[in-house]
Amino acid sequence: MLTEPAPVAVRPRPRLRASVRRAGSAVRLAALGGLVLALVAAYLFTDVPGSLAYALEKRGLTVAATVVVAAAVGVSTVVFHTITGNRVLTPSIMGFDAFYLLVSTAVVFAAGSAAFLAADPLVLWAVQVAVMVGFSVVLSTWLFGGKRRSIHLMLLVGIVLGTFFRSFSEWMQRMLDPLDFQVLSDAFFASLTRPDETLLVLTAALVAVGCAVVVPLLRTLDVLTLGEPVAVGLGVDHRRVVLTLFAVVSVMVAASTALVGPVLFLGLIVANLAYAWAGSFRHAWTVPTAVLLGVVCLLGGQLVLERVLGFGGTLSTVVDFAGGLFFLYLVLRKGAR
Amino acid sequence: MIALEGVSKRYGGQTVVDDVSLALGGEGVTALIGPNGAGKSTLFGLVGRLVRPDAGRVTVDGLDVATTPSQELARRVAVLRQDNHVAARLTVQDLVEFGRFPHSRGRLTVDDRDHVERAVAHLGLEGYRDRFLDELSGGQRQRASIAMVLAQDTRYVLLDEPLNNLDLRHMGETMRLVREMADVLGKRVVTVLHDVNSAAAYADRIVAMRDGRVVADAPARDVMRPEVLADVYDTTVDVREIDGRPVALYYG
Ligand SMILES: Nc1ncnc2c1ncn2[C@@H]1O[C@H](COP(=O)(O)OP(=O)(O)OP(=O)(O)O)[C@@H](O)[C@H]1O
Ligand SMILES: [Mg+2]
């Protein structure tokens, strides 16, 4: 085996096999893209109550919000899975949702629901994004700054803080008057209908910046799946890359949560479905697959809610229920093996 | 050259690498031996920038490991880890291709593919390239990892217990491959070995560690003496000459 390695004779075959595999992934991704287009068309053009132009304008915004949220959730969850080396977590484990609840509750608690409703949504959004990003930046610099500390410690701190935020929010909510509480509850239900246009544009811009950072790192993310020691051995500046990606995840999650409310559970579903569907560990396939699956879930859910069940916009019930079942399935399947 | 200058590493109160000054990566094969917990893997970690020294400096070709860009170092030093478990579901071919990452950042050129093919052929893995790593035996997985290190095509190659999990035949083949990497490809190989007889048979130089210190550093033959080995391993070792080669007897 050592004497005469003959690379020339064997070279074409693996190339062929690799390209067949790649073609398989491409076909799957294209099929998913087709499904997304069909869903978008169905959502936009079926069941038009009055003027098509008016319906299209209104529905176009919902589709845009769906795409932005799906991109934020899909990209951030897959990236989060890779940098934490764990596929049953979502960035919500870091307390993002809980922190969103806390900030909103604190505003209503301090200023009343009238002020909450009257407040400029732009200001509210900006404050929520800033505070959520600030929170995660403080957490990550504290944990990564100076000596090398483990990502697991960071997750643990996130879980503890998340629980604390949740309890603290509940404590405040118990002291609210029923009207204030009602306003707050509505805000906590994820809704994709009637997004504020300015906020949508701002969120889309932040998510686009996030994607622009992630795309050149897709191949580096592949290397990170080998684990930190091997990645370092292959020349990845692990600390810098992980911190950068963590910041991107924070910004994307914060922006989309502030836009439509907490939908991170969705990430768990779409990311794991994406791993199965993409048929490859490469992020160039799994990340876009997760985003498209996010659109399918959100828009499909929205179609069922609006057109079949005749509801307005409480998507979180569906997302949480389906996500909860899926999570149990994942945990049980892991346990069975 | 890989140079360690007064390097120390402590975990809690325990000094794991104790003021080591050592030059590695001279021509040929260097074996690093020593009992469990001697600090061999930690020493590799210090060179491979996985472990930060508490004191001292590590340089590769004069480049300080602490300040040189990771990619630059990854083109000079490849490390096979003692524990090379990979959680991701990938094939042998995928793994070996990752060895080219320091050179091409994941976009394989014709030259990269050539290196990958040769590494796969060197380790006799042609029949396994499309197998997933979790469908391989421990020894096959070990060979796949060695192929990745080989594909990285660096001047310095550090192997931490490359013979782990290998059967008799593959132990011999791997050690001959190590020899060939040095003699034909001109690489400087440093390898941790627990089997001192393999070290004696294939290495030019043996460095022995114990309790975080270098206790012997000499041509292989000079380390293969009962009194030296007894001191390194803290147990009695008999050394006999068979066909002109020193062989350590440590059974019974
Ligand atoms: N991350 C760590 N934290 C605490 N102690 C550590 C750590 N890594 C290694 N050690 C300790 O350092 C000492 C040296 O470990 P090292 O892995 O370098 O030994 P080794 O010579 O490679 O041993 P072996 O032959 O068993 O592989 C051991 O006593 C070990 O317990
Ligand atoms: Mg070791």
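Residues numbered from 1 in each chain as written. Chains lettered and ligands numbered in written order. Predicted model: local features only at pLDDT ≥ 70, side-chain atom pairs only at ≥ 80, totals over all residues. Heavy atoms only, no water.

Quick word on the overall build of chain B
Basically, it comes down to this: What counts as a helix is a DSSP run of H or I of at least four residues, what counts as a strand is a run of E of at least two, and both are numbered from the N terminus. Radius of gyration here is computed from C-alpha atoms only, and the compact-globule reference equals 2.2 Å multiplied by the residue count raised to the power 0.38. Throughout this description, buried means an accessible area under 20% of the type-specific maximum (1.4 Å probe, protein chains only), exposed means over 50%, and partly exposed covers the range between. By the convention used here, residues are in contact when the closest approach between their heavy atoms is within 4.5 Å.
From N to C terminus, chain B includes ten helices and twelve strands. Computed over its C-alpha atoms, the radius of gyration of chain B comes to 18 Å, within 12% of the 18 Å expected for a compact globule of 252 residues. Summarising its shape, the C-alpha atoms of chain B cover approximately 50 × 45 × 35 Å along the three principal directions. For chain B, the residues scored as buried account for 56% of the 252 residues in total. Sequence-distant contacts, at least 24 apart, represent 64% of the contacts inside chain B between residues at least 6 apart.

Overview of the site of ligand 1
Residues and elements named next belong to chain B. Stated formally: One heavy atom suffices: a residue is near a molecule or strand as soon as one of its heavy atoms comes within 4 Å of it. Under this definition, polar contacts are N or O atom pairs within 3.5 Å; protein pairs additionally need one hydrogen-donor-capable and one acceptor-capable atom, and for neighbouring residues in sequence, both atoms have to be side-chain atoms. Here, Shrake-Rupley sampling with a 1.4 Å probe gives the accessible areas, and only protein chains in the shown set may cover a residue. Lys, Arg, Asp and Glu make up the charged group, whereas Ala, Val, Leu, Ile, Met, Phe, Trp, Tyr, Cys and Pro make up the nonpolar group; the residues left over, Gly among them, are polar.
The local shell around ligand 1 holds 14 residues, among which Gly37, Gly39, Lys40, Ser41 and Thr42 are the closest. The side chain of asparagine 36 places a nitrogen or oxygen atom 2.9 Å from an oxygen atom of ligand 1. Lysine 40 has a polar side-chain atom sitting 2.8 Å from an oxygen atom of ligand 1. For ligand 1, whose accessible area on its own is 630 Å², the fraction buried by protein is 63%. Those elements giving two or more residues to the shell around ligand 1 turn out to be strand 2 (14–24) and helix 1 (40–47). The element best represented in the shell around ligand 1 is helix 1, accounting for three residues. Taken together, the residues of the shell around ligand 1 break down into four nonpolar, eight polar and two charged.

Observations regarding the interface of chain A and chain B
When the parts come together, some accessible area is lost, and that loss is often what is quoted as the size of the interface. Stated formally: Between Lys or Arg on one side and Asp or Glu on the other, a salt bridge is scored when a side-chain nitrogen of the former is within 4 Å of a carboxyl oxygen of the latter.
At the interface, 29 residues of chain A touch 42 residues of chain B. There are two salt bridges connecting chain A and chain B. A salt bridge links glutamate 97 of chain B to arginine 282 of chain A; the shortest N-O distance between them is 3.8 Å. In this assembly, chain A and chain B are joined by four residue pairs in polar contact (both at pLDDT 80 or more). Counting only elements with at least two residues in the side of chain A that touches chain B, the list comes to helix 1 (7–10), helix 2 (12–45), helix 9 (218–224) and helix 10 (228–233) of chain A.

Quick notes on the coordination of the magnesium ion (ligand 2)
Where a metal carries four tetrahedral donors, each ideal angle is 109.5 degrees; where it carries six octahedral donors, the ideal angles are 90 or 180 degrees. Residue and element names in this part refer to chain B. For the record, the criterion: Each metal site is built from N, O and S donor atoms within 2.8 Å (3.2 Å for Na, K and Ca), and since water is not included, such sites may look incomplete.
Protein coordination at the magnesium ion (ligand 2): the donors are Ser41 (OG) and Gln82 (OE1), at 1.9 to 2.1 Å from the metal. One end of the pair, serine 41, is in helix 1; the other, glutamine 82, is in the loop between strand 6 (77–80) and helix 3 (92–98), with 41 residues separating them in the sequence. Look at serine 41 and you get partly exposed, because its relative accessible area is 31%.

Notes on the packing of aromatic side chains
In plain terms, the rule: Aromatic contacts are taken between Phe, Tyr and Trp rings whose centres are within 6.5 Å, Trp giving its six-membered ring; a plane angle under 30 degrees counts as stacked, one over 60 as edge-to-face, and the others as tilted. Only Lys NZ and Arg CZ are tested; either one counts as a charge over a ring when it is within 6 Å of the ring centre and within 35 degrees of the ring normal.
Scanning the entire structure with this criterion turns up nine aromatic pairs over all chains. Ring geometry for phenylalanine 164 of chain A versus phenylalanine 168 of chain A: centroids 5.9 Å apart, planes at 10°, classification stacked. Residue phenylalanine 164 of chain A and its partner phenylalanine 168 of chain A are both found in helix 6 (residues 151–174); the two are separated by four residues, about one turn of the helix. Three or more aromatic residues link up through ring pairs in this structure, and these residues are Phe99, Phe109, Phe135, Phe164, Phe165, Phe168 and Trp171 of chain A. Over the face of the ring belonging to phenylalanine 98 of chain B we find arginine 282 of chain A, whose NZ or CZ atom lies 6.0 Å from the ring centre. Just above the ring of phenylalanine 132 of chain B sits the side chain of arginine 89 of chain B; from NZ or CZ to the centre is 3.9 Å.

Description of empty space enclosed by the protein
What counts is decided by this rule: A cavity here means a set of points on a 1 Å grid, drawn over the protein atoms and nothing else, where a 1.4 Å probe fits but cannot get out; a pocket is an open set with protein on both sides within 12 Å along at least five of seven lines, and a residue lines either one if it has an atom within 4 Å of a point. Grid points are joined across faces, edges and corners, and a volume is the space filled by probe spheres set on the points.
All told, the structure shown has three cavities of 30 Å³ or more when counted by the stated rule. Its volume calculated, the largest cavity comes out at about 190 Å³. Contributing elements (two or more residues each) for the lining of the largest cavity: helix 10 of chain A together with strand 6 and helix 6 (138–151) of chain B. Partitioned by chemical class, the residues of the lining of the largest cavity number eleven nonpolar, five polar and one charged.

Thoughts on the UniProt feature "domain: ABC transporter" (unreviewed entry) in chain B
Basically, it comes down to this: UniProt positions are given in the numbering used here, feature names are shortened, and annotations may be inferred rather than shown by experiment.
Per the UniProt record, "domain: ABC transporter" (unreviewed entry) is found at residues 2–236 of chain B. Across residues 2–236 of chain B one finds 37% helix and 26% strand; the C-alpha atoms that close the span lie 33 Å apart.

Examining unusual backbone geometry
Residues and elements named next belong to chain B. Notably, aspartate 153 is not glycine yet its phi reads approximately 50°, a positive angle. Tracing the sequence through the fold places aspartate 153 in the loop between helix 6 and strand 7 (156–160). Unusually for a residue other than glycine, glutamate 161 sits at a positive phi of about 55°. Following the sequence through the fold, glutamate 161 ends up in the loop between strand 7 and helix 7 (168–183).

Topic: the domain arrangement of chain B
Residues and elements named next belong to chain B. Filter applied, for reference: Each domain's limits were defined by an automated method or a database of domain assignments. Put simply, buried area is the surface a 1.4 Å probe can reach on two separate parts but cannot reach once they are joined, added for both.
Domain annotation for chain B reports domain 1 (1–76 + 156–252) and domain 2 (84–153). Between the C-alpha centres of domain 1 and domain 2 there is a distance of 24 Å. Of the residues lining the interface, 18 residues belong to domain 1; the matching set on domain 2 comes to 14 residues. Between domain 1 and domain 2, the buried area comes to about 1300 Å², and carbon and sulfur atoms account for 62% of it. The three residues of domain 1 that bury the most area against domain 2 are Gln71, Arg75 and Leu177, which together make up 32% of that side's buried surface. The interface formed by domain 1 and domain 2 contains one salt bridge. In this structure, the salt-bridge partner of lysine 187 is aspartate 153, at a minimum N-O distance of 2.8 Å.

Here we look at the confidence of the model for chain A
Residues and elements named next belong to chain A. We apply this condition: A score between 0 and 100, pLDDT records how confident the predictor is in each residue.
On average, residues of chain A score 80 in pLDDT, and 83% of them reach the 70 mark or higher. For chain A, the element scoring lowest by mean pLDDT is helix 1, at 42; helix 9 scores highest, at 95. In this model, residues 1–12 is a region of pLDDT below 50 whose contacts with residues beyond four sequence positions or in other chains number 20 contacts.

Notes on the sheet that holds strand 9 (residues 205–210) of chain B
Hydrogen bonds along the backbone pair up the strands of a sheet, which may run parallel or antiparallel. All names here are of chain B. Going by this rule: Only strands joined by at least two bridges in the DSSP assignment are considered to pair. Inter-axis angles, ranging from 0 to 180 degrees, are taken between N-to-C directions of lines fitted to C-alpha atoms, where helices are fitted over the stretch in contact.
Strands sit in the order 6-7-8-3-9-10 across an open sheet of six strands; the sheet is mixed. Strands with a single pairing partner mark the edges of an open sheet, and in this sheet they are strand 6 and strand 10 (213–219). Strand-to-strand, the axes of this sheet are offset by a mean angle of 15°, without reference to chain direction. Pairing analysis gives four bridges linking strand 3 (residues 29–33) to strand 8 (residues 188–192), with the strands arranged parallel. Opposite valine 29, over in strand 8, you have valine 189 as the bridge partner. Lying on the sheet, helix 1 is in contact with strand 3, strand 6, strand 7, strand 8 and strand 9; it crosses strand 7 at an angle near 150°. On top of the sheet, helix 6 reaches strand 6 and strand 7; it is set at about 175° to strand 6, its chief contact.

Here we look at the sheet that holds strand 2 of chain B
All names here are of chain B. Overall, antiparallel pairing links the four strands, which are arranged 2-1-4-5 in an open sheet. In this open sheet, the two edge strands, each paired with only one partner strand, are strand 2 and strand 5 (63–64). When strand 1 (residues 2–11) meets strand 2, the two strands line up antiparallel, connected through seven bridges. From the neighbouring strand, alanine 3 faces strand 2, where its bridge partner is alanine 23. Strand contacts of helix 1: strand 1, strand 2 and strand 4 (55–60), with the helix running at about 60° to strand 2, the strand carrying the most contacts.

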